[in-house]
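Listed below, chain by chain, are the residues.
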Amino acid sequence: MSAQGSYPWAAGYYDDGDRPQIVTSRFKYEDSHTIERYHATGGYEGLKKALSMRPEEVHDEVRKSTLLGRGGAGFPAGVKWGFTPQGVWPRYLVVNGDESEPGTYKDRLLMELDPHQLIEGCLIACYAAGLSQCFLYIRGEMAVAHERVAKALDDAYAHGYIGRNILGTDFSVDIVLHWGAGAYVVGEETALIESLEGERGMPRLKPPYFPAAIGLYGKPTIVNNVETLSNLPFIALNGSAAYTAIGTETSPGTRMIAVSGHVERPGVFEIVNGSTTFRDLIYGDEFSQGMREGRELKTFVPGGGSAPWFLPDQLDIPFEGREASSAGSMLGSGAVMVMDDTTDIPAAALTLVKFYAHESCGKCVPCREGGTWLYRIVERIVAGNGTDADLATILEVGESICPGDMPHAASARLGLDAVPFPYKMTTICFVGPSAYVPIHSAMTLFPEEFEAIVTKREVRTTIPVTAVPVGGA
Amino acid sequence: MSRLNDQNVALAKEIIARYPKKKSALIPLVHLSQQQNGYVTEAAMKHVAELIDVTPAEVYGTATFYEMFRFEPTGKYLINICGTMSCALMGGHDLMHHAEHKLGVKAGSTTDDGLITLQHAECQAACTEAPTLQVNYRHRFRVTPAEFDELVDDLRAGKLDGEIPPHGTLGRNRQHIPADRAVGAVPPEQVDGAPAWVTIKEEGS
C-alpha cells in the first residue's frame, strides 16, 4: 500500500529520455508540483512568448497544431475556440477536471504533479481566445489535487502570473478554483456548466451543440479538458511545427494513456499519438510489459468504460481516431483496461453496467429506466438466476437506448465483421448508451459465457470478479 | 445550531465574491458547511440559501444530487472502497468483504463508536493502482487485507491525524485571491465590450 501524492514508480516511468514528453516532463521530480521546480524547468516561458504575440497569432498556432481535445470526444481545441459568436462578451473558460471515466486517470496526475503547467495553459487559452475569467472545476473526490492546485494558484498570483495586468501587460484574468461534489455526468460539458451555476449537474438539451455559443450564464464559454490545456505551454513556446513533428498528421503530439487490469506493469504512460499501437502499449517493454504471470489476453476496453471492447484481433490498431472507429470502438479518454483468460466476462461487464446505471442523472427516460433495468438483469444473470428471456430483454432495452446497429469489434473466432463506431442514441448525453455498451460487447464477443450461465446453468468454480449489490455511493 | 459560524461566514463571503453570480457558490458553500458540521444539516442549507439569495429548497435540490454530501451524521473517517472494473479485476470486491468483517458493519453504515463509515464507491481515478480506497477522499493504493487492518488501526490510534483531516474537510489549504491582484467578478450583464487585451475589434462589436 502506498499513500497518495508520492508515486514511487514515477521515476521509472518518466525518467526516460527516448520518448517525447510534452506534459509529463516534470513527473520524475519529487517536487514537480512546486513553482520553484516549474521555474527551473522552463515554466511560464510559454506564457511570456504568447504575451509577446497578438492573441489571434497565438490562436492560429493552436489551430495549426491540430491539438485534439483529450476529454473523450477528440475535437480540435483551436477550432472549438473559434466557435464563439462575434461581438458577444464576456467569454469564459471552464476547465474540465471532473475526471471520472472508469479506467481513466491522467488529469488527476497532471493536477497533482504539475499544476503550474495547467495554470499556464489556462492563461494562454484565455489570452488567445479573449476569455476574461477562468473556472477550474476539479472533481470533489480529488482532495490532494485541490490542495496542490490551490497552493499553485496562490503562488502564481503572488508572482504576477494571474490577476490584474499580468506581467505588466493589459492582459488580466482571474482563475477560480471550484469544487465539484461527486457526479460522473458532470464531466459532460453542459452538465459541468449547470453544476458551476449551482444547479443539479444535468446535461442541457441540444442544440446549441457547443457552449462556445451559449454556455456559462448564457455567455460564450470554452470548456477544455485538463490534459488539453496542459499541452498549451509547449505549443506556445515551441510553435505548432514542433508539436506536429510528433505523432501523425491526424493525431499529432502525444497523449496520456492509463493501462490497468491484468498486466505486468500497470501505469499511466505518455505515448506518441497516432502511431503507437495497443500491442506496443500492452506488451512493450517500455510500457506495460505484457500480461501478468504470462497469461493470455482475453479482451480489453480501449478507451474508457464507455468504449466497445476489443479482442486480441485488434492489438495492431494504433491510437488514431478514425482507425479505432472503423474497427468498432473509440479512443475516448485514454484508458485501456486489460482482462486475461481468468476473467469472468459477464461479471466484469456487470461492474460497468452498474457504474453507468448508478451515474444516470435521471433526465432522459431511456437512460434512467433502461440503465437500471440493464443493471438488474445482468446482476441476476451473473448470480446464476438468468433466463433466455433475459438475454432478449437486454437487447430490447439496448435498442431503446441505441436504436439500430451497435458498434462492435471483428472476431475471427466467431466469424464476425466489425460494425463501426458510433451508435445512434435516444439520450442527450453518452451515459445512457454507456450502460449498454459493455454488456453488448460482452454478449457479442463472448456469447458462450452467457450461454454457460443462462442456458446450461453451469456451476462456475472461479469468479475473479464478483457481483456486489448497489448501495452506498 | 449548525448554521455557519462567524469565521466561515467571512470565508463564505470571500468565496461568493469570486463568482459573477452568487448561486455559483452553492456547492462550495455546502462543502464549507459539511466541513464545519461533518455532514449537511437543514439549518446549514437554510443559511447557505440566505447567503446566496436562493430558497432553501434550491440548496436542498442541488445538494442532494451530489454523492459527497451526506445528510446524516457520518464517521470522522469515511472509507470508500472502489468496485468499478479495474479495481474489481484486481480484487476490489474481496477487499470490501474483508473490510466489512474487519469493521463489523455492512457497507453504507458506521461503526458503533461513530468513528468510521464504510461505503461502496465508483471509479476513483487511480485504476492502475487497484484495488484502491479513499479515506476522506485521500487515496490508498494497491491495498491488501493486512494493509487495510493496519490502516484502520492507525486511524483508531490517531496516527494519521496530520495527513487525513476529519470528514468534510476537502483541502487542508484553500485558494486565497489577494485583493491587490484580483480582477474581480463582474455580473455578465454588466460587461460591455471586449477585454482590454483583445486588440482587433470584431465585426458587430
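If you're wondering where the values come from, they're calculated on a predicted model, not measured in any experiment. (Residues numbered from 1 in each chain as written. Chains lettered and ligands numbered in written order. Predicted model: local features only at pLDDT ≥ 70, side-chain atom pairs only at ≥ 80, totals over all residues.)

**Focus: the interface of chain B and chain A**
Put simply, an interface is often sized by how much accessible area is lost when its parts join up.
Consideration 1: Listed as interface residues are 75 residues of chain B and, on the opposing side, 82 residues of chain A.
Consideration 2: For the side of chain B that touches chain A, the class distribution of residues is 36 nonpolar, 25 polar and 14 charged. (Contact = placed C-beta atoms within 7 Å. Nonpolar A, V, L, I, M, F, W, Y, C, P; charged D, E, K, R; others polar.)

**Some points on the nonpolar core**
Consideration 1: The biggest cluster of nonpolar side chains holds 210 residues, and the ones touching the most others in it are Val94, Cys122, Ala125, Val353 and Leu374 of chain A.
Consideration 2: Those residues in contact with valine 94 of chain A that sit more than four places away from it in its chain are Phe135, Tyr137, Leu192, Ile193, Leu196, Leu216, Thr221 and Val223 of chain A. (Core = buried A, V, L, I, M, F, W, Y, C linked by C-beta atoms within 7 Å. Buried ≥ 20, exposed ≤ 12 C-beta atoms within 10 Å, placed from the backbone.)

**Re the sheet that holds strand β3 (residues 133-138) of chain A**
All names here are of chain A.
Consideration 1: Sheet architecture is open: four strands sit in the order β4-β3-β2-β5, paired in parallel fashion. Edge positions in the sheet fall to β4 (174-179) and β5 (221-225), since each has one partner strand and no second. For this sheet, the mean inter-axis angle between neighbouring strands, taken without regard to orientation, is 20°.
Consideration 2: Sheet topology note: the β3/β4 ladder contains six bridges and is parallel. Each residue of the ladder has a partner; that of glutamine 133, found in β4, is aspartate 174.
Consideration 3: Of the strands in this sheet, β2 (92-97), β3, β4 and β5 touch helix α7 (residues 115-129), which is tilted by about 150° from β2. (Pairing = 2+ DSSP bridges. Helix = DSSP H or I, 4+ residues; strand = E, 2+ residues; numbered from the N terminus. Axes fitted to C-alpha atoms, helices over the stretch in contact; angles between N-to-C directions.)

**Here we look at the packing of helix α2 (residues 26-37) of chain B against helix α3 (residues 42-52) of chain B**
Residues and elements named next belong to chain B.
Consideration 1: Relative orientation of the contacting elements α2 and α3 amounts to 145°, with a least axis distance of 10 Å. Relative to α3, α2 is oriented so that their crossing is right-handed. Note on element contacts: α3 touches α2 through Ala44, Val48, Leu51 and Ile52, opposite Leu26, Leu29, Val30, Ser33 and Asn37.
Consideration 2: Tallied by class, residues from the contact of α2 with α3 come to seven nonpolar, two polar and no charged. (Left-handed = near helix turned anticlockwise from the far one by under 90°.)

**Here we look at the domain arrangement of chain A**
Residue and element names in this part refer to chain A.
Consideration 1: The assigned domain composition of chain A is domain 1 (11-244), domain 2 (254-340) and domain 3 (345-454).
Consideration 2: Here domain 1 and domain 3 have C-alpha centroids that lie 34 Å from each other.
Consideration 3: Every contact between the two is made by nine residues of domain 1 and, on the other side, eight residues of domain 3.
Consideration 4: Looking at side-chain class alone, the side of domain 1 that touches domain 3 contains six nonpolar, one polar and two charged residues. (Domains from an automatic or database assignment.)

**Quick notes on the sheet that holds strand β9 (residues 335-340) of chain A**
Residue and element names in this part refer to chain A.
Consideration 1: The strand order across the open sheet formed by four strands is β7-β6-β9-β8, and the pairing between neighbours is mixed. Among the strands making up the open sheet, the edge pair consists of β7 (267-272) and β8 (297-301). Each neighbouring strand pair of the sheet contributes to a mean axis angle of 30°, computed without reference to strand direction.

**A few points about the packing of helix α15 (residues 345-359) of chain A against helix α16 (residues 365-382) of chain A**
All names here are of chain A.
Consideration 1: One way to put it is that α15 packs onto α16 with a least axis distance of 9 Å and a crossing angle of 155°. Here α15 is positioned roughly antiparallel relative to α16, judged by the angle of their axes. Pair α15 / α16 crosses with left-handed handedness. On α16, the residues touching Pro346, Ala347, Ala349, Leu350, Val353, Lys354, Tyr356 and Ala357 of α15 are Gly371, Thr372, Leu374, Tyr375, Val378, Glu379, Ile381 and Val382. (Parallel < 35°, antiparallel > 145°, perpendicular 65-115°, else oblique.)

**Concerning unusual backbone geometry**
Consideration 1: Across the junction of lysine 206 of chain A and proline 207 of chain A, the peptide omega takes the value 0°, indicating a cis bond.
Consideration 2: Non-glycine residue alanine 125 of chain B carries a positive phi angle of around 55°.
Consideration 3: Along the chain, alanine 125 of chain B falls in the loop between β2 (116-121) and β3 (133-135).
Consideration 4: Given 26 C-beta atoms within 10 Å, alanine 125 of chain B falls into the buried group.

**A look at the pairing of strand β6 (residues 254-261) of chain A**
Note on strand geometry: in a regular strand, side chains alternate between the two faces of the sheet.
Residues and elements named next belong to chain A.
Consideration 1: Most of β6 sits out of view: eight of its eight residues are buried.
Consideration 2: In β6, alternate side chains face the same way, and those of Thr254, Met256, Ala258 and Ser260 on one face and Arg255, Ile257, Val259 and Gly261 on the other are all buried.
Consideration 3: Pairing geometry for β6 and β7, over six bridges, is antiparallel. Opposite threonine 254, over in β7, you have valine 272 as the bridge partner.
Consideration 4: Turn length for the β6-β7 hairpin, with the two strands adjacent in sequence and antiparallel, is five residues.
Consideration 5: Here four bridges tie β6 to β9, and the two strands are oriented parallel to one another.

**Overview of the environment of proline 73 of chain B**
Residue and element names in this part refer to chain B.
Consideration 1: Along the chain, the position of proline 73 falls in the loop between α4 (56-63) and β1 (77-82).
Consideration 2: Given 12 C-beta atoms within 10 Å, proline 73 falls into the exposed group.
Consideration 3: The spatial distance from the C-alpha of proline 73 to the C-alpha of glycine 114 is 8.6 Å, given a sequence separation of 41 residues.
Consideration 4: Among all residues touching proline 73, those that are not within four sequence positions of it are Gly38 and Tyr39.

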